[in-house]
Amino acid sequence: MADLTQEEWRSRLDKDDNAVIMDVRTAEEMDAGFIPGAIHLDFYKPQEFLEELDKLDKSKHYYLYCRSGNRSGQACALMSARGFSAAYNLMGGMIEWEGEVTYE
């Protein structure tokens with residue numbers, strides 16, 4: 001697990017052919033916009049979050065974000081403890097995100 005600045009996060013993501021972007025915010029927060037291509041697992045629904053996490057490919061590299069970077073940091077630590085090979089936290093989350101956002 002690593003906390004990455006926006007520049008580091010985006011740079012690694014752009015070069016990573018094994019990347020999955022994960023939004024761990026609530027559905028209501030996602031309605032305000034999300035990073036294109038992100039899968040959604042709500043960290044505030046712990047049982048559902050863990051069940052869905054266990055279905056994911058542990059060999060992929062996961063790039064997580066939330067509103068501020070706190071929940072995604074906790075989720076990264078949890079993923080590392082559950083055997084995921086790589087989980088990267090976007091420090092500052094969507095509050096500081098300057099990249100593309102979609103509302104679909």
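Computed from a predicted structure; not experimentally measured.

Participant: Run through the sheet that holds strand β2 (residues 19-23), naming residues and quoting values.
Facilitator: Taken in spatial order, the 5 strands make up an open sheet running β1-β5-β4-β2-β3, and their pairing is parallel. The sheet terminates laterally at β1 (2-4) and β3 (39-40), the two strands that pair on one side only. The strands touched by helix α4 (residues 70-81) within the sheet are β2, β4 (61-65) and β5 (86-90), with β5 carrying the most contacts at an inclination of about 170°.

Participant: I'd like a description of helix α1 (residues 6-15), backed by residues and values.
Facilitator: All of the buried residues in α1 are Gln-6, Trp-9 and Leu-13. Looking down the long axis of α1, one finds its buried residues gathered within 70° of arc, a one-sided arrangement. When the buried face of α1 is taken as reference, the exposed residues oriented beyond 90 degrees from it are Glu-7, Asp-14 and Lys-15.

Participant: Account for the pattern of salt bridges, with residues named and values stated.
Facilitator: For side chains bearing opposite charge, pairing can occur when the charged atoms are close. According to the stated counting rule, one finds 4 salt bridges in the structure shown. Linking Arg-25 and Asp-23 is a salt bridge whose minimum nitrogen-to-oxygen distance equals 2.7 Å. In this pair, the class of Arg-25 matches that of Asp-23, namely buried. Taking the shortest distance from any N to any O, the salt bridge between Arg-71 and Glu-29 comes out at 2.8 Å. Placement of Arg-71 in helix α4 and of Glu-29 in helix α2 (residues 27-30) is noted, with a sequence separation of 42 residues between them.

Participant: Hey, could you go over the pairing of β2 for me, with residue numbers and the actual values?
Facilitator: With 4 of its 5 residues buried, β2 lies for the most part within the structure. Here β2 pairs with β4 via 5 bridges, running parallel. Bridging from a neighbouring strand, Ala-19 pairs with His-61 of β4.

Participant: Residue-level account of the pairing of β4, with values.
Facilitator: Along β4, 4 of the 5 residues are buried, which leaves the element largely enclosed by surrounding structure. Taken together, the 4 bridges between β4 and β5 define a ladder with parallel strand orientation. Looking at the pairing, His-61 lines up with Ala-86 of β5. At this point the chain moves from β4, through α4, to the parallel β5, and the crossover so formed is right-handed.

Participant: Talk me through a negative patch on the surface; I want residue IDs and the actual numbers.
Facilitator: Together, Glu-7, Glu-8, Glu-96 and Glu-98 give the surface a local cluster of negative charge. Here Glu-7 shows up in helix α1. Among the residues examined, Glu-7 registers a relative accessible area of 56% and is labelled exposed.

Participant: Tell me about the environment of Gly-33, and please be specific about residues and values.
Facilitator: On the secondary structure map, Gly-33 appears in the loop between α2 and β3. Gly-33 sits in the buried class, given a relative accessible area of 0%. Considering only alpha carbons, one finds Gly-33 and Pro-46, 13 residues apart in sequence, at a separation of 22 Å. Not counting residues up to four positions away in its chain, the partners in contact with Gly-33 are Arg-25, Met-94, Val-101, Thr-102 and Tyr-103.

Rules of the game
- Residues numbered from 1 in each chain as written.
- Predicted model: local features only at pLDDT ≥ 70, side-chain atom pairs only at ≥ 80, totals over all residues.
- Heavy atoms only, no water.
- Pairing = 2+ DSSP bridges.
- Helix = DSSP H or I, 4+ residues; strand = E, 2+ residues; numbered from the N terminus.
- Contact = heavy atoms within 4.5 Å.
- Axes fitted to C-alpha atoms, helices over the stretch in contact; angles between N-to-C directions.
- Buried < 20%, exposed > 50% of the residue type's maximum accessible area, 1.4 Å probe, protein only.
- Arc of directions from axis to C-beta.
- Salt bridge = Lys/Arg side-chain N within 4 Å of Asp/Glu carboxyl O.
- Right-handed = clockwise from strand over helix to strand, strands pointing away.
- Patch = residues over 30% accessible without salt bridge, like charges linked within 9 Å, V, L, I, M, F, W, Y side chains within 5 Å.
- Areas by Shrake-Rupley, 256 points an atom, 1.4 Å probe, with all protein chains shown as cover.
- Lys, Arg positive; Asp, Glu negative; His and termini not counted.
- Charge placed at Lys NZ, Arg CZ, Asp CG, Glu CD.

Such coordinate-based values are descriptive only and should not be taken to indicate function.
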